[in-house]
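Chains, contacts and geometry: an overview
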Amino acid sequence: MRLTLTGYLSLDGVSQSPGSPDEDSSDGFTRGGWLMPYLDEDFFQVAGAWFDEADACLFGARTYAGFSSFWPLSDPDDPFAGKMNSLPKYVASQSLRQADWAHTTILSGDVVAQVAELKRQPGRELQIHGSALLAQSLLGAGLIDTIRLMVAPLVVGSGRRLFPEGTARTGLRLISNGTTAAGLTVHTYESAELPDYGTYRTEE
């Protein structure tokens, strides 16, 4: 399987608590829910097409706690609920001992090695949703194949960032981009060689 990352960011790179004020208030964050004004039909079409490629999902412990408190619902009109409930799910945690959400496996110990083994299994995509700290470690290990980002046109000003200072140097290649009617920019990148550096020179 390919390992893919789906992230929702502000212009200043914040990824914390896009969905609601109480989604993730860790470290005193009080500005959650900043993505909600931009959820339109275009958003759900793009997000749905991405999610259709999933054969399994991978979460960090904090994201899993939030998802598992919401997604085990049975609304027949919800475009994601049925598949999210039925897919194999993996949660990386050194402290979690029990996971009640159906089809969940806890990964502890050497998570990077276990994710590498999952990638060797047949299938399309093992998708990371949110889970910034987990994504950073797997990016540093060179395991993420595709990064999909929706960037909202606002500056949050504080909060945890998907790519904070100290994130592993990574080369990417843009393979598609677009916009939604509400103003999100949509980018898909694939892993590439590490970037080169140069010096700008003017003609004499």
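The name an unreviewed UniProt entry gives the protein is Dihydrofolate reductase family protein, with Pseudonocardia yunnanensis as the organism.

**Describing the sheet that holds strand β6 (residues 146-152)**
Pairing in this open sheet of eight strands is mixed, and the strands run β4-β3-β2-β5-β1-β6-β8-β7 from one edge to the other. At either end of the open sheet lies a strand with only one pairing partner, and these are β4 (104-107) and β7 (171-179). Neighbour-to-neighbour, the strand axes of the sheet open up by a mean angle of 25°, direction not taken into account. Helix-sheet contacts for helix α4 (residues 111-119) involve β1 (2-10), β2 (54-60), β3 (89-92), β4 and β5 (125-129), and the interaxial angle to β4 is about 135°. Running at roughly 110° to β2, helix α5 (residues 132-140) makes contact with β1, β2, β3, β5 and β6 of the sheet.

**Here's the deal with helix α1 (residues 41-51)**
Of all the positions in α1, only Phe43, Ala47, Gly48, Trp50 and Phe51 are classed as buried. The arc enclosing the buried residues of α1, seen along the axis, measures out at 160°, which places them on a common side. Within α1, the exposed residues directed more than 90 degrees away from the buried face are Glu41 and Gln45. Each element contacted by the buried residues of α1 is listed here: β1, β2, α3 (81-86), β5, β6 and β8 (185-192). Residue Asp40 occupies the N-cap position of α1, its side-chain oxygen lying 3.2 Å from the main-chain nitrogen of Asp42.

**Thoughts on the pattern of salt bridges**
A complete count under the given rule lists nine salt bridges for this structure. Between Glu190 and Arg173 there is a salt bridge, and its shortest N-O distance comes to 3.0 Å. Of this pair, Glu190 sits in strand β8 while Arg173 sits in strand β7, and the two are 17 residues apart along the sequence. On the accessibility criterion, Arg173 (46% relative accessible area) is partly exposed.

**A few points about the packing of aromatic side chains**
Counting across every chain of the model gives five aromatic pairs. Where Phe59 meets Tyr64, the ring centres are 6.2 Å apart and the plane angle is 55°; that geometry is what we call tilted. You'll find Phe59 and Tyr64 in the same group, each marked buried. Of note, Lys83 hangs over the ring of Phe51, and the distance from its end group to the ring centre comes to 5.4 Å. Between Lys89 and the ring centre of Trp101, over which it is positioned, the NZ or CZ distance is 4.7 Å.

**Overview of the environment of Thr199**
In this structure, Thr199 sits in the segment after β8. Overall, Thr199 belongs to the exposed group, its relative accessible area being 62%. For the pair Thr199 and Leu172, spaced 27 residues apart in sequence, the C-alpha separation works out to 20 Å.

Rules behind the numbers
Residues numbered from 1 in each chain as written. Predicted model: local features only at pLDDT ≥ 70, side-chain atom pairs only at ≥ 80, totals over all residues. Heavy atoms only, no water. Pairing = 2+ DSSP bridges. Helix = DSSP H or I, 4+ residues; strand = E, 2+ residues; numbered from the N terminus. Axes fitted to C-alpha atoms, helices over the stretch in contact; angles between N-to-C directions. Contact = heavy atoms within 4.5 Å. Buried < 20%, exposed > 50% of the residue type's maximum accessible area, 1.4 Å probe, protein only. Arc of directions from axis to C-beta. Polar contact = N/O pair within 3.5 Å; in protein donor to acceptor, adjacent residues only side chain to side chain. Salt bridge = Lys/Arg side-chain N within 4 Å of Asp/Glu carboxyl O. Phe/Tyr/Trp six-rings, centres within 6.5 Å; stacked < 30°, edge-to-face > 60°. Lys NZ or Arg CZ within 6 Å of the ring centre and 35° of its normal.

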